[in-house]
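Each chain, written out:
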Amino acid sequence: MKIHETYIKRCLELAQKGLGTTYPNPLVGSVIVYDGKIIGEGWHKKAGEAHAEVHAIQAVKDKRLLSDATIYVSLEPCSHYGKTPPCSDLIIDQGIPNVVIGTIDPFSKVAGRGVKKLQDAGINVTVGVLEAECARLNKRFFTFHNKKRPYIILKWAESKEGCIAPLTKEIKEPIWISNAFSRQLAHKWRSEEQAILVGTQTVRDDNPSLTVRDWTGNHPIRIVLDKNNSISKESYIFDTLAKTLLITKDDFSFDDNLALKMAHFLYEKEIQSVIIEGGRQTLQTFIDAGIWDEARVFIGDKVLQEGIKAPKLEISPEKKRHIVNDELLIFFNHD
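Throughout this description, residue numbers start from 1 for each chain and increase along the sequence as written. Selection of residues for local features in this predicted model requires a pLDDT of at least 70, selection of side-chain atom pairs for listing and counting requires 80 or more, and totals for whole chains, interfaces and linings are taken over all residues. Where side-chain values are given, they derive from all heavy atoms of the structure, hydrogens and water being excluded.

Caption draft 1: Inspection of the UniProt feature "binding site: NADP(+)" (unreviewed entry) in the protein chain at higher detail. Taking the UniProt record as the reference, the feature "binding site: NADP(+)" (unreviewed entry) is found at Ala 157, Trp 176 and Thr 202. What stands out for the annotated residues spanning 46 residues is how close their C-alpha atoms remain, the widest pair being 13.5 Å apart. In what follows, a contact means two residues having at least one pair of non-hydrogen atoms within 4.5 Å. Beyond its immediate sequence surroundings of up to four residues, Ala 157 is in contact with Cys 163, Ile 164, Ile 177, Ser 178 and Phe 298. For the purposes of this entry, the term helix denotes a DSSP run of H or I that reaches at least four residues, the term strand denotes a run of E that reaches at least two, and both are numbered from the N terminus. Within the secondary structure, Thr 202 is located in helix α8 (residues 200-206). Excluding residues within four positions of it along the chain, Thr 202 makes contact with Asn 207, Pro 208, Glu 277, Gly 278 and Gly 279. UniProt positions are given in the numbering used here, feature names are shortened, and annotations may be inferred rather than shown by experiment.

Here it is, written out as structure tokens:
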């Protein structure tokens with residue numbers, strides 16, 4: 001089993017390379033081993049393109065070795081026709097006798113069917129190697145299919161005295177509380193998630209672009225809550241750099257259960273993950289409803305004489321790290 005874990009760890013390393021580019025597909029890595037050596041490896045890079053198993057098999061120079069090899073994959077090979085043919089069929093066709101799988105795919109069109117197809121073909125299948133780690137890597141994909149909502153990340157920066165913004169502003173642009181390195185990290189996070197969400201007041205106060213400016217990667221879909229459709233069409237969120245979804249009272253009532261309605265709305269739009277960078281009211285709405293998975297909070301060394309209090313979490317952070325003079329706290333919602 002330890003040998004299996006070594007190769008599944010490599011699958012996880014490979015799969016991680018696809019973070020931010022595979023939506024709506026999961027992150028998947030695969031390696032092929034012959035006589036104790038990796039002879040091919042690959043990962044899923046983009047929806048509609050070849051899956052990890054395909055890349056791994058294509059990387060094998062001597063295909064004759066496949067008949068005595070083991071293919072490792074972090075997530076169950078697909079068994080249905082989507083934008084690409086089933087990977088389980090490819091494994092069978094290539095005559096690979098052994099398959100080791102990290103975890104079962106929760107997607108209803110797979111969900112054990114890939115394993116059954118392989119076993120019915122006489123292939124030796126091992127399932128559940130580093131299962132928790134494999135599921136954690138695909139926390140967005142698993143949350144989407146199991147909870148029928150996106151994986152929700154809350155993010156904000158607060159001053160030393162616990163304020164998220166000044167009470168009044170003379171200029172329509174952000175007042176930076178965190179340092180440049182923290183802001184670059186936040187832009188990296190944006191590139192990893194499928195969407196970013198803010199409320200009306202954030203757009204009015206800061207006129208943000210909500211794009212990946214300090215990092216290289218895909219811009220997230222911009223989700224803006226604008227109940228009365230009052231945001232100026234000259235705002236940066238309406239530029240052509242990224243797609244914007246404006247949510248108004250025509251989409252649903254803003255009065256009750258906003259977080260739940262929003263989560264369902266994003267699920268219907270097939271959005272697997274969203275990072276919420278809205279103001280205090282938007283963030284606290286999701287916190288109070290318990291509809292969130294992770295919170296990332298920067299504590300800067302800036303002091304605001306008068307400010308809007310930061311959202312309140314009633315749990316302790318599970319991770320802490322310093323980014324120069326900022327402190328980053330990471331919280332997880334286990335409910």
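Caption draft 2: Examining the packing of helix α9 (residues 258-268) against helix α10 (residues 280-289) more closely. Where α9 contacts α10, the axes come no closer than 8 Å and their chain directions differ by 95°. By the angle between their directions, the pair α9 and α10 is classed as roughly perpendicular. Residues Leu 258, Ala 259 and Met 262 of α9 form the contact with α10, whose own contacting residues are Thr 285, Phe 286 and Ala 289. Gly is placed with the polar residues, together with every amino acid not listed as nonpolar (Ala, Val, Leu, Ile, Met, Phe, Trp, Tyr, Cys and Pro) or charged (Asp, Glu, Lys and Arg). Taken together, the residues of the contact of α9 with α10 break down into five nonpolar, one polar and no charged. Note on method: axes are straight lines fitted to C-alpha atoms, helices fitted across the in-contact stretch only, with angles between N-to-C directions ranging 0 to 180 degrees. Roughly parallel refers to an angle under 35 degrees, roughly antiparallel to one over 145, roughly perpendicular to one between 65 and 115, and oblique to any angle outside these ranges.

Caption draft 3: Spatial organisation of the pattern of salt bridges. Each salt bridge in this description consists of a side-chain nitrogen of Lys or Arg and a carboxyl oxygen of Asp or Glu lying within 4 Å of one another. One pass over the structure, following the stated rule, counts 15 salt bridges. Glu 41 is paired through a salt bridge with Arg 10; the nearest N and O atoms lie 2.7 Å apart. One end of the pair, Glu 41, is in strand β2 (residues 37-43); the other, Arg 10, is in helix α1 (residues 2-16), with 31 residues separating them in the sequence. One salt bridge in this structure joins Asp 239 and Arg 222, with 2.8 Å as the shortest N-O distance. A residue pair is termed long-range when its members are at least 10 positions apart, and Asp 239 in the loop between β9 (221-225) and β10 (244-247) and Arg 222 in strand β9 qualify at 17 residues. Whether a residue is buried, partly exposed or exposed follows from its accessible area with a 1.4 Å probe, protein chains only, as a fraction of its type maximum: under 20%, in between, or over 50%, in that order. Looking at Arg 222, the relative accessible area reads 0%, which means it is buried. Look at the salt bridges and you will find they share partners, linking Arg 10, Glu 13 and Glu 41 into a network.

Caption draft 4: Main features of the sheet that holds β2. By definition, two strands form a pair when at least two bridges between them are found by DSSP. The strand order across the open sheet formed by five strands is β2-β1-β3-β4-β5, and the pairing between neighbours is mixed. Among the strands making up the open sheet, the edge pair consists of β2 and β5 (124-127). Taken over all neighbouring pairs, the strand axes of this sheet differ in orientation by 15° on average, direction set aside. Across the sheet, helix α2 (residues 52-59) touches β1 (29-34), β2 and β3 (70-75), and the angle it forms with β2 is around 140°.

Caption draft 5: View of the side chain of Asp 326. Considering the arrangement of structural elements, one finds Asp 326 in strand β15 (residues 326-332). We count Lys and Arg on the positive side and Asp and Glu on the negative side, and we leave His and both chain ends out. It is Arg 183 that comes nearest to the buried, bridge-free Asp 326 among opposite-charge side chains, at 6.8 Å. In this structure the side chain of Asp 326 is engaged in a polar contact, spanning 2.7 Å, whose partner is the backbone nitrogen of Asn 179. Reaching out from Asp 326, the side chain makes a polar contact with the side chain of Ser 182 at a distance of 2.7 Å. With sequence-adjacent residues up to four places away left out, Asp 326 is seen in contact with Ile 177, Ser 178, Asn 179, Ser 182, Ile 299, Gly 300, Asp 301 and Arg 321. The term polar contact refers here to a pair of N or O atoms within 3.5 Å; inside protein, the definition further demands a hydrogen-donor-capable atom paired with an acceptor-capable atom, and it admits residues adjacent in sequence only when both atoms are side-chain atoms.

Caption draft 6: Focus on the UniProt feature "binding site: Zn(2+)" (unreviewed entry) in the protein chain. With numbering aligned to this structure, UniProt lists the feature "binding site: Zn(2+)" (unreviewed entry) at His 51, Cys 78 and Cys 87. In three dimensions, the annotated residues from a span of 37 residues occupy one location, with a maximal C-alpha spread of 9.2 Å. Mapping His 51 onto the fold places it in the loop between β2 and α2. Residue classification places His 51 among the buried residues on the basis of a relative accessible area of 18%. The topology assignment puts Cys 78 in the loop between β3 and α3 (87-93). Among all residues touching Cys 78, those that are not within four sequence positions of it are His 51, Pro 85, Pro 86, Cys 87, Ser 88 and Val 110.

Caption draft 7: Geometry of the packing of aromatic side chains. What counts as a ring pair is set by centres within 6.5 Å for rings of Phe, Tyr and Trp (its six-membered ring), and what kind of pair is set by the plane angle: stacked under 30 degrees, edge-to-face over 60, tilted for all other angles. In this structure the tally under the stated criterion is six aromatic pairs. Both rings, one in Tyr 7 and one in Tyr 72, keep their centres 5.0 Å apart while their planes meet at 50°; by these two values the pair is tilted. Residue Tyr 7 is found in helix α1, and its partner Tyr 72 is found in strand β3; the two are separated by 65 residues along the sequence. Assigned by exposure class, Tyr 7 and Tyr 72 land together as buried. An aromatic cluster is present here, built from Phe 252, Phe 254 and Phe 265 joined pairwise through their rings. Lys 17 extends its terminal NZ or CZ atom over the ring of Trp 43, reaching a point 5.4 Å from the ring centre. We call a charge positioned above a ring when the Lys NZ or Arg CZ atom is no farther than 6 Å from the ring centre and deviates by at most 35 degrees from the ring normal.

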